Each structure stands twice: as C-alpha cells, then as structure tokens.
Amino acid sequence: MPILHTGQAAIYHSRARRNAVRCGRRWGKTKMMVTLGADRAVKGRRVGIFAPEHKQLREPYEEILSILLPIRKESSKTDGRIKVITGGVIDFWPLIDNELAGRGREYDAVLIDEAAFTKSPQMMGIWERSIEPTLLTKPKSEVWVFSTPNGDNQENFFWQLCRNEKLHFREHYAPTGTNPYVPVDELERHRRENHPRVFQQEYLAEFVDWRGVAFFALEKLLVDGQPVDYPSGCDEVFAVIDTAVKQGTDHDSTAVSYWARSSFGPHPLICL
C-alpha cells in the first residue's frame, strides 16, 4: 500500500465525511485516491471511483489492481471492476456523457478525480441523481473529491463543492509545495517560467479568473521591439476567429486576427 506523504496525511487526519481536496499539480491526488480505494477494499468495503474520462481511470485501475493482486477474487478492465476475497469491490466510472454513472450501486466510499474538469452544469445533476444516492444506506460512508481548480466559475462542480456550504463538504487546501517530494528549485523554476495566473491555478491551487487575460504580451509578438513589414508575397493568408456568447449581449465579443504564412523570407508567420 502506498504511504501517504506528510501533506496527504495532514489532510487525512482532518477529514470529514465529505471532503473536497483543492490541490496543485504533482501534489499526489491520484496516489492518495489509490491508497484510499485499495485500503477500503482490503477492509471489505464497496468503493466507487469516478473520473471525467476513461483514460483518467487507467492509471488508478492498474495501480490498485497491482496492490490488490495477492487477494484478488476477480477483475475486469473492460467492466471497470475489481473484487477481492475480503468482500471488497471497486468500480471505476467515466463521467463523460454518462448520467447513469454509479446508478443502481451502493458504496461505502466515493472517490472523484479531476472534478473541476467535468462538464458543468451536468455534473451537479449526475452527483445529485446518480452518485450521492449510492451512499444513502451507508451512515458511515465517505466522499473524497480531488482536483486542481479550473478557473473561477460558479457553475463549476468542484468550485461549488469548495464554496457552497449547503453541500456540506469540507475543503482542504493543498498547494504543490506541501508535497515534500517536489524539489523546491524545480517549483521555483515553474514559477519563473509560467504566466503568473497559470502558476496560481496549477501550482498554488487557486481559483483564478481568466477573463481578459492576455497570455502573450505585445512585446513577445515583436522583433527587437519593433513590428515587421508586410510580406511582399506569401503562401497563404488565414483568419483566426475567437467568438464568445455568454451572460447576455453585454458580454458577447468576437475577435478576428489575420495572418500570413510564408515558406520564404525571414519571418514564416506574420500577424497582419
């Protein structure tokens, strides 16, 4: 069984029945989920593990199967299920376009990975109608929801778990730096090389408002601080269109940029 590092152990010891772990990249959320799932199965409990897509279930499935191999009763990667001789069961559910995920099952523990990257607002409906009822007959059931934030969006499922007290989740904050195995100098390098808001979201695990953020400063589009001449000839001219329709007509906006691509000359790509 994997051993929790100090940051994970601190959160585990302050757990509630419903837990939302807001963590940075490389903090070890999937490892903690694997540890919790395998531990509960060894103790004869029924576990449901959920993730946005099939590919995000492959790693935890293979890790948990490897851990439980000595006591495995049966397993099926196709069906997404592992049974062990203690009576424990683990089901793996992709959430993409699957409003029936977990429906008809009964769980002692529900573990959800990358919750901020599920579809909004559909995910709240899946939680309320399909996943949450699996815990109804288990008075000592537990829920662990892990994710790095994905913007500052009040419709986002994970944002609501962390911010809406009526949902009764305890929020645990775990920036990347609370993983003792992440080198400090490597984390500092990412801070220097990334856009400040990228670092805030991905490594400090903060809910970041991305509206109006320019990822490429004007000086990065210039050559020695100056624009270049229009090309005398080029292979093609194309347009890039960014359209937005949200929150009413006052917030609608559409932007178009025109570009020239050329296989000759000093500048292969020029913004016209």
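Residues numbered from 1 in each chain as written. Predicted model: local features only at pLDDT ≥ 70, side-chain atom pairs only at ≥ 80, totals over all residues. Heavy atoms only, no water.

### A closer look at the nonpolar core
Line of reasoning, step 1. By size, the foremost hydrophobic cluster in this structure holds 28 residues, and its most contacted members are Ile49 and Trp144.
Line of reasoning, step 2. Here this core gets six residues from one element, more than from any other, and that element is helix α2 (residues 29-42).
Line of reasoning, step 3. Not counting residues within four places of it along the chain, the set of residues in contact with Trp144 comprises Ile11, Tyr12, Arg15, Asn19, Val21, Met32, Leu36, Val110, Leu111 and Ile112.
Line of reasoning, step 4. Counting residues in hydrophobic clusters, the runner-up holds 26 residues, among them Ala20, Leu95, Ala115 and Ile131. (Core = buried A, V, L, I, M, F, W, Y, C linked by side-chain atoms within 4.5 Å. Buried < 20%, exposed > 50% of the residue type's maximum accessible area, 1.4 Å probe, protein only. Helix = DSSP H or I, 4+ residues; strand = E, 2+ residues; numbered from the N terminus. Contact = heavy atoms within 4.5 Å.)

### Re the pairing of strand β1 (residues 18-23)
Line of reasoning, step 1. A large share of β1 lies buried, amounting to five of its six residues.
Line of reasoning, step 2. When β1 meets strand β7 (residues 142-147), the two strands line up parallel, connected through five bridges. Residue Arg18 lies in a different strand from β7, and its bridge partner there is Val143.
Line of reasoning, step 3. By the bridge criterion, five bridges tie β1 to strand β8 (residues 170-174) in an arrangement that is parallel. (Pairing = 2+ DSSP bridges.)

### Some details on a nonpolar patch on the surface
Line of reasoning, step 1. Residues Tyr230, Val237, Ile241, Val256, Tyr258 and Leu272 make up a contiguous nonpolar surface patch of roughly 620 Å² in combined accessible area.
Line of reasoning, step 2. Taken together, the elements giving at least two residues each to the nonpolar patch come down to β9 (236-244) and β10 (253-261).
Line of reasoning, step 3. Following the sequence through the fold, Val237 ends up in strand β9. (Patch = residues over 30% accessible without salt bridge, like charges linked within 9 Å, V, L, I, M, F, W, Y side chains within 5 Å. Areas by Shrake-Rupley, 256 points an atom, 1.4 Å probe, with all protein chains shown as cover. Salt bridge = Lys/Arg side-chain N within 4 Å of Asp/Glu carboxyl O.)

### Overview of the packing of aromatic side chains
Line of reasoning, step 1. In this structure the tally under the stated criterion is eight aromatic pairs.
Line of reasoning, step 2. Relative to Trp144, the ring of Tyr12 lies with its centre 6.1 Å away and its plane at 10°, an arrangement referred to as stacked. A residue pair is termed long-range when its members are at least 10 positions apart, and Tyr12 in helix α1 (residues 6-13) and Trp144 in strand β7 qualify at 132 residues. You'll find Tyr12 and Trp144 in the same group, each marked buried.
Line of reasoning, step 3. Joined through ring pairs, the aromatic side chains of Tyr12, Trp144 and Phe146 make up one cluster.
Line of reasoning, step 4. Looking at Arg15, its charged tip hangs above the ring of Tyr12, at a distance of 3.9 Å from the centre. (Phe/Tyr/Trp six-rings, centres within 6.5 Å; stacked < 30°, edge-to-face > 60°. Lys NZ or Arg CZ within 6 Å of the ring centre and 35° of its normal.)

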